[in-house]
Amino acid sequence: MRHFGHIAPEERQRLFHQEPAVFTADSPVRVLAAALGATLYSPATRPRLADDVVKQAGRGVVSMVLCLEDSIDDADVVDAEENLVRQFTDLASRPDAELPLLFIRVRVPEQIPDLVARLGPAVRLLSGFVLPKFTEERGVPFLEALTAAEAASGRRLFAMPVLESPDLLYLESRRETLDGIFRVVDKYRDRVLALRLGVTDFCSTYGLRRAADMTAYDVQIVASVIADVVNVLGRADGTGFTVTGPVWEYFRVQERMFKPQLRRSPFLEGEVEELREALIEHDLDGLLREISLDRANGLLGKTCIHPSHVMPVHALSVVSQEEFSDAQDILRPERLGGGVLRSAYTNKMNEVKPHRAWAERTLQRAEVFGVAREDVGFVDLLAAGFPD
């Protein structure tokens, strides 16, 4: 699989200076963690789930979570588990189908070995499990169950803990909770692919819900948690993990309170004003702003609940020619001693030692999302890959 693999090769050549690399479910952890992109959630109860997975892969989705937790009714869990086994078996019978990375979001640790055993040979399609309401106390049984299931099946399985517990939100318990989470994910570091933020649960603790024209960063209590999670768990010193952006809750509003946040000029330049109108109509201008803020705050990838969210996440993850040039300059072998140099674009200072970690992360992102050509912007990437 590869990002933008659903568009024609000649179109990719037109858009990219360096095309996104091909990767598989067996690629190194560092590649997969960066490549998750827009992770699309789907309830495990969907009767044509296998068809949905194939369809979304054909539209550019590279990671999906099939959910047995909050997205389904408590009374439907048994039927949903049976449906998952049937749908995985169906997918396993389609050897030529292009599939994304597939994860199952479970409720309790016991589901992990049970589902792995019931999947049988179809477990080869499973990349891992999403672990809800993760804390040190709750997380250890989940990770022990995953380790046992991995040993029993012979299949490498990853964990993606969801950080959404009230203990993480409350000021008086936040530091202790973060320290405990770090202890357990550090112990199981080789199995933790990424940490996911459960912002909807954070908001529910205070009876909040952000509107479509506001980002998670406008809700100050949520923004403070994101900052502390990145502070403790997202460091670039080798101790950190990939932390993914919060879900964008898609719903239309009858009347907008604020002006659209998308400037008209980038779309006029690309002669795709109709794309701008479509994004605004679906309230995705706020999503684009939140994706930009995610990256500015150290997050990579995003939880998504609607297919229309996928391409905006991926388009804004592509590395620009300017970012790529700066990162390469900073990481040149002759720059190991440090120093300051002017950007080749003559618009900024590149300070080698302080900017080194940024440059390394930028080249990792460039590997999986590609580098746009000089005259290609995110509007062009959206227009090429956005679903009709």
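Above this text sits the structure in question.
Let us look at the structure shown here.

The rules behind each value
Residues numbered from 1 in each chain as written. Predicted model: local features only at pLDDT ≥ 70, side-chain atom pairs only at ≥ 80, totals over all residues. Heavy atoms only, no water. Helix = DSSP H or I, 4+ residues; strand = E, 2+ residues; numbered from the N terminus. Buried < 20%, exposed > 50% of the residue type's maximum accessible area, 1.4 Å probe, protein only. Areas by Shrake-Rupley, 256 points an atom, 1.4 Å probe, with all protein chains shown as cover. Axes fitted to C-alpha atoms, helices over the stretch in contact; angles between N-to-C directions. Parallel < 35°, antiparallel > 145°, perpendicular 65-115°, else oblique. Left-handed = near helix turned anticlockwise from the far one by under 90°. Contact = heavy atoms within 4.5 Å. Nonpolar A, V, L, I, M, F, W, Y, C, P; charged D, E, K, R; others polar. Core = buried A, V, L, I, M, F, W, Y, C linked by side-chain atoms within 4.5 Å. Expected span 1.5 Å × (residues − 1). Bend = angle between axes of the 7 residues up to and from the residue. Pairing = 2+ DSSP bridges. Arc of directions from axis to C-beta. Phe/Tyr/Trp six-rings, centres within 6.5 Å; stacked < 30°, edge-to-face > 60°.

## Comments concerning the overall build of the chain
Assigned secondary structure in the chain consists of 17 helices and 12 strands. Oriented by its inertia axes, the alpha-carbon framework of the chain measures out at about 60 × 45 × 45 Å. Counting over 388 residues, the chain shows a buried share of 52%. Of the roughly 17,200 Å² that the chain leaves accessible, carbon and sulfur atoms contribute 51%.

## Overview of the packing of helix H8 (residues 171-187) against helix H10 (residues 220-233)
Where H8 contacts H10, the two axes come as close as 10 Å, and the packing angle between them is 40°. The orientation of H8 with respect to H10, classified from their angle, is oblique. Crossing geometry of H8 relative to H10 is assigned as right-handed. Contact residues: H8 offers Arg174, Arg175, Leu178, Ile181, Phe182 and Val185, while H10 offers Ser224, Val225, Asp228, Val229, Val232 and Leu233. Looking at the contact of H8 with H10 residue by residue, the class counts come to eight nonpolar, one polar and three charged.

## Here's the deal with the nonpolar core
Ranked by size, the top nonpolar core spans 75 residues in total, and within it Phe88 and Phe129 carry the most contacts. Tallying contributions element by element places H10 first for this core, with seven residues. Once residues lying within four places of it in the same chain are set aside, the contact partners of phenylalanine 129 are Phe103, Ile104, Val106, Ile112, Leu115, Val116, Leu146, Leu157, Phe158, Ala159 and Met160. Within the second largest apolar cluster, 31 residues are counted, among which are Leu15, Phe103, Ala194 and Val376.

## Brief notes about the environment of leucine 168
As for its position among the elements, leucine 168 is in helix H7 (residues 166-169). Residue classification places leucine 168 among the buried residues on the basis of a relative accessible area of 1%. Along the backbone, leucine 168 and aspartate 228 are 60 residues apart, and their C-alpha atoms lie at a distance of 9.5 Å. Not counting residues up to four positions away in its chain, the partners in contact with leucine 168 are Leu163, Arg174, Thr177, Leu178, Phe202, Val225 and Val229.

## Let's talk about the environment of proline 246
Here proline 246 shows up in the loop between strand S8 (243-244) and helix H11 (265-269). Sequence separation between proline 246 and leucine 197 is 49 residues, and the spatial gap between their C-alpha atoms is 5.3 Å. In this structure, proline 246 is in contact with Leu197, Val199, Ala216, Glu290, Asp294, Leu299, Lys302 and Thr303, ignoring residues within four places of it in sequence.

## A few points about the packing of helix H3 (residues 49-57) against helix H4 (residues 77-92)
The interhelical angle for the contact between H3 and H4, taken along N-to-C directions, is 50°, at an axis separation of 8 Å. With respect to H4, the element H3 is oriented oblique. Between H3 and H4, the residues in contact are Leu49, Ala50, Val53 and Val54 and Leu84, Gln87, Asp90 and Leu91, respectively. Class assignment for the residues of the contact of H3 with H4 results in six nonpolar, one polar and one charged.

## Concerning helix H16 (residues 352-369)
With 18 residues, H16 should reach 26 Å at 1.5 Å per residue; the first-to-last C-alpha distance of 24 Å fits that figure. For H16, the principal kink sits at tryptophan 358 and spans about 30°. Here H16 has its buried residues at Val352, Ala359, Thr362, Gln364, Arg365, Ala366, Val368 and Phe369. One or two steps after H16, the chain reaches glycine 370, where phi turns positive at roughly 90°.

## A few points about the sheet that holds strand S6 (residues 158-163)
Strand order in the open sheet formed by eight strands is S8-S7-S6-S5-S4-S3-S2-S9, and the pairing between neighbours is parallel. Whereas interior strands pair on both sides, the edge strands pair on one side only; in this sheet they are S8 and strand S9 (302-304). On top of the sheet, H10 reaches S6, strand S7 (195-197) and S8; it is set at about 170° to S7, its chief contact.

## Observations regarding helix H6 (residues 136-153)
In this model H6 runs 26 Å from its N-terminal to its C-terminal C-alpha over 18 residues, within 8% of the 26 Å that 1.5 Å per residue would give. The complete set of buried residues in H6 reads Gly139, Phe142, Leu143, Ala145, Leu146, Ala149 and Glu150. Down the axis of H6, the sector holding all buried residues measures 160°, keeping them to one side. Those residues of H6 that are exposed and aimed more than 90 degrees away from the buried face are Glu137, Ala151 and Ala152. Contacts made by the buried residues of H6 are with helix H5 (111-119), strand S5 (126-131), S6 and H8. Within two residues after H6, glycine 154 carries a phi angle of roughly 75°, on the positive side.

## As for the packing of aromatic side chains
Enumeration over the complete set of coordinates arrives at one aromatic pair. Seen in terms of ring centroids, phenylalanine 4 and phenylalanine 16 are 5.3 Å apart; in terms of plane orientation they differ by 65°. Their pairing is edge-to-face. Remark: phenylalanine 16 occurs in strand S1 (residues 16-18) and phenylalanine 4 occurs in the segment before helix H1 (9-15); sequence separation between them is 12 residues. For the pair shown, phenylalanine 4 and phenylalanine 16 are each scored as buried.

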